[in-house]
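Chain residues, written in single-letter form:
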Amino acid sequence: MVALVVVVLLLAMAAAVFVATQRGTGSGAAIPNPKPFSDLVFEVTLTGGFPNMVKLHAAHGPVFWWRLLGRRMLMVGSYEAAKQLLMGEGTLVRADYPPSVKQMLGPWGMVNIHGKSYTRIKRLAQAGFTPKAIRGYLPRIQAIAEEGVQRWAAEGDILAYPEMKWYTFRVAVELFLGVGTGWTGPQDFPAVSATFATWLEGLFSFPVAIPGTAFARGLKARDELMRRIHASLELLEQRRAAKGSSDDAARGDAAAGGPAPASNGAEQPILMELLMASRDERGEGLTRDQLADTVLTLLFAGHDTSSTTLVRIFQHLHAHPEAVTRLRQEQAEVVVKHGTAITEAALADMQYADGALREAMRVTPIIAGFPRIALKDFELCGYTIPAGTRLQCSLQHTLHTDSRWQAEDDPLAFKPERWLGQRDGAWIPFGGGPRLCLGWLMAMVEMKVLLAAIFRGHVLTLQEPNEPWMLFPLARPKHGMPARITEAEAAA
Ligand code: HEM
């Protein structure tokens, strides 16, 4: 009897899956559903690897069903389709992150809001990420990078992953909140890092706040982070009040496209001061809650991504000593031409470093993709996608399978020289359209500055270069990527 019930249940499940796969089709063709009983997140967690998207693409085409944290998703992996989704933000589709992300980032987290409130917050925040603003941040970023390299060389053996987090986090905090706000001091940083790690576990988890679950721990960590953020905002408000007329000056800078560059970085206005001073056309500023959720989004988006990308590039460079030689040559030429200060002009001459970063992000993108929900019925890759369908624009799928890459020799190999000169490749690691990564320029700059700081006078070796990676909730090396940074003369 029990066996009969089980068989009936299984048949019912199979029928439900079959019926579901018939939705969202065009001209009678069903969208492939190659893994009806699999959840991408479970699969990645169990196998420790990302499914081979090139193989799946060859077998099933650019669009097929999957599940992600229990939610049915259309995986989309063609560059043209990805662009259609990215450009169609707000008209065809809109960003639709899982419920856990919504709660961890808060109601005003930039990725959770849409329409007028979103446009307003993003526009205000953009003032801190213009080329002019980034130019102004450069001395501070270089100083932090060089301090890091000196310390790592003195320490000998390090774990590259947490150290890259230290670097990108310190850059983010100092640029967004300013120094002395209780985040990066020797006592603060380990505590903040641990809280962030717990928060991150909750970011992509099942949103059930039962004590002991990743989600419940994540929510507690969010409270702790918010407490710190509110304390920093309080401090900044007091400083602004003490400065008196600083509002008008900062507003003027924001209207002009960002803060003025400072010669030594010390007097550089900080992003949150700009945001606090910003007013919309009705003269209204952001509320304290809006500011606080924006800070949390920026701190998260602004450090975990760049740090992981840096570790990925270290791995590629370790496997390609010829690329390291070219990086070194380029840095030597840049120093001869521009001196040791890393200016905008010096960065523009770091073409090989730029190519190495782009190539690392193409071969090993650290973000799985962009989740979207269809706002209306529309055509995609020959299928009709009904309103309400959830879609995941899969980055690895898109970056690995595009015909422009497949037409090249060894398309998945790390070859920074692919990027020298003009080229049109399928490359969207920072997304695109209205939701284009707010910090893409800052990310490229901070990563290039760190490569310069290391490869101008030091040698980087990895102790466990083939260390396996965990891919969930965010990609990271399992053992933290043990490494050693030595002075070039000492290593010779
Ligand atoms: C290598 C480093 C980085 C990568 C690969 C990356 C990637 C991305 C991607 C793919 C998106 C689009 C998500 C979507 O369309 O749903 C995004 C959005 C975003 N990124 Fe980045 N990012 C990086 C660094 C940064 C940095 C340094 C910041 C600094 C604050 C930042 C802030 C943001 C924000 C605020 C958004 C949301 C934008 C919106 O919803 O309009 N990211 N990022």
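Procedures and definitions
Residues numbered from 1 in each chain as written. Predicted model: local features only at pLDDT ≥ 70, side-chain atom pairs only at ≥ 80, totals over all residues. UniProt positions renumbered as here; feature names shortened; annotations may be inferred. Helix = DSSP H or I, 4+ residues; strand = E, 2+ residues; numbered from the N terminus. Buried ≥ 20, exposed ≤ 12 C-beta atoms within 10 Å, placed from the backbone. Contact = placed C-beta atoms within 7 Å. Pairing = 2+ DSSP bridges. Core = buried A, V, L, I, M, F, W, Y, C linked by C-beta atoms within 7 Å. Axes fitted to C-alpha atoms, helices over the stretch in contact; angles between N-to-C directions. Parallel < 35°, antiparallel > 145°, perpendicular 65-115°, else oblique. Left-handed = near helix turned anticlockwise from the far one by under 90°. Nonpolar A, V, L, I, M, F, W, Y, C, P; charged D, E, K, R; others polar. pLDDT = per-residue confidence, 0-100. Expected span 1.5 Å × (residues − 1).

Under an unreviewed UniProt entry, the name given to the protein is Cytochrome P450, and the organism recorded is Chlorella vulgaris. Under Cofactor (unreviewed entry), UniProt gives the following word-for-word description of the protein: "heme".

Student: What am I meant to see in the overall build of the protein here?
Tutor: Within the protein, the secondary structure is distributed over 21 helices and twelve strands. Counting only residues that meet the buried cut, the protein has 43% of its 492 residues in that class. By sequence separation, contacts in the protein at least 24 residues apart represent 72% of the contacts at least 6 residues apart.

Student: I would appreciate a short explanation of the pairing of strand S12 (residues 482-487) in the present structure.
Tutor: Walk down a regular strand and you will see the side chains alternate between the two sheet faces. As paired strands, strand S4 (residues 157-159) and S12 are joined by three bridges and run antiparallel to one another. When the sheet's bridge partners are listed, Asp157 is paired in S12 with Arg484. When strand S9 (residues 458-462) meets S12, the two strands line up antiparallel, connected through five bridges. When the sheet's bridge partners are listed, Thr461 is paired in S12 with Arg484.

Student: Would you explain the nonpolar core in this entry?
Tutor: A general feature of soluble globular proteins is that nonpolar side chains tend to end up buried together. By size, the foremost hydrophobic cluster in this structure holds 93 residues, and its most contacted members are Phe176, Met272, Leu275, Val295 and Leu450. Of the residues forming this core, the biggest block, twelve residues, is contributed by helix H20 (residues 440-455).

Student: What's the story with the sheet that holds strand S5 (residues 369-374) in this structure? I'm lost.
Tutor: The pairing of strands in a sheet happens through backbone hydrogen bonds and is either parallel or antiparallel. Strand order in the open sheet formed by five strands is S1-S2-S8-S5-S3, with mixed pairing between adjacent strands. Each edge of the open sheet is held by one strand with a lone partner, namely strand S1 (63-68) and strand S3 (93-95). Within the sheet, the average angular offset between the axes of one strand and its neighbour, ignoring direction, is 40°. Direction of pairing for S3 relative to S5: antiparallel, over a ladder of three bridges. Directly across from Ala95, in S5, lies its bridge partner Arg372.

Student: How should I be thinking about the sheet that holds S12 in this particular structure?
Tutor: Spatially, three strands are ordered S4-S12-S9 in an open sheet, and the strand pairing comes out antiparallel. Of all the strands in the sheet, the pair left with one neighbour each is S4 and S9. On average, each strand axis in the sheet is inclined to that of its neighbour by 35°, with strand direction left out of account. Strand contacts of helix H7 (residues 131-155): S4, S9 and S12, with the helix running at about 100° to S12, the strand carrying the most contacts. Sheet strands touched by helix H8 (residues 160-176): S4 and S12. Its angle to S4, the strand with the most contacts, is close to 70°.

Student: Looking at this model, I keep getting lost on the UniProt feature "binding site: heme" (unreviewed entry) in the protein. Mind explaining?
Tutor: The feature "binding site: heme" (unreviewed entry), as annotated in UniProt, sits at Cys437 in this numbering. In this structure, Cys437 is in contact with Phe430 and Gly431, ignoring residues within four places of it in sequence.

Student: Explain the packing of H7 against H8 here, please?
Tutor: Each pair of packed helices gets described by two things: the angle between the helix axes and the distance between those axes. With their axes 10 Å apart at the nearest point, H7 and H8 run at an angle of 150° to one another. Relative to H8, the element H7 lies roughly antiparallel. Judged by the twist between their axes, the crossing of H7 over H8 is right-handed. Contacts from Tyr137, Arg140, Ile141, Ile144, Ala145, Gly148 and Trp152 in H7 reach Glu163, Tyr167, Arg170, Val171, Glu174 and Leu175 in H8. Residues of the contact of H7 with H8, tallied by class, amount to eight nonpolar, one polar and four charged.

Student: Please explain the pairing of S5 as it appears in this structure.
Tutor: Counting buried positions along S5 gives five out of six residues, so the element sits mostly inside the fold. Examined bridge by bridge, S5 and strand S8 (residues 390-394) share five bridges and lie antiparallel to one another. Bridged to Ile373 within S8 is Arg390.

Student: Honestly, the confidence of the model for the protein in this entry has me stumped. Any pointers?
Tutor: Caution applies to low-pLDDT parts of the model: their predicted coordinates are not meant to be read in detail. For the protein, per-residue confidence averages 85 on the pLDDT scale, and 88% of positions sit at 70 or higher. Long-range and interchain partners of residues 1-28, a stretch whose pLDDT sits below 50, account for 24 contacts in this model, where long-range means more than four residues apart.

Student: How should the environment of Phe370 be read in this particular structure?
Tutor: Locating Phe370 in the fold gives a position in strand S5. Apart from residues no more than four positions distant in its own chain, Phe370 is found in contact with Ala95, Cys393 and Gly431.

Student: What should I look at first to understand the environment of Leu460 in this one?
Tutor: Here Leu460 is to be found in strand S9. For Leu460 and Ala483, which are 23 residues apart along the polypeptide, the C-alpha to C-alpha distance reads 7.1 Å. Leaving out residues up to four positions away in the same chain, Leu460 has contacts with Phe314, Ile454, Ala483 and Ile485.

Student: I would appreciate a short explanation of H8 in the present structure.
Tutor: Think of an α-helix as turning once every 3.6 residues; residues three or four places apart then point the same way. Under the 1.5 Å per step criterion, the end-to-end length of H8 is 24 Å for 17 residues, consistent within 8% with the ideal 24 Å. Most of H8 is tucked away, with 16 of its 17 residues classed as buried. The positive-phi residue at the C-terminal boundary of H8 is Gly178, with phi of around 95°.

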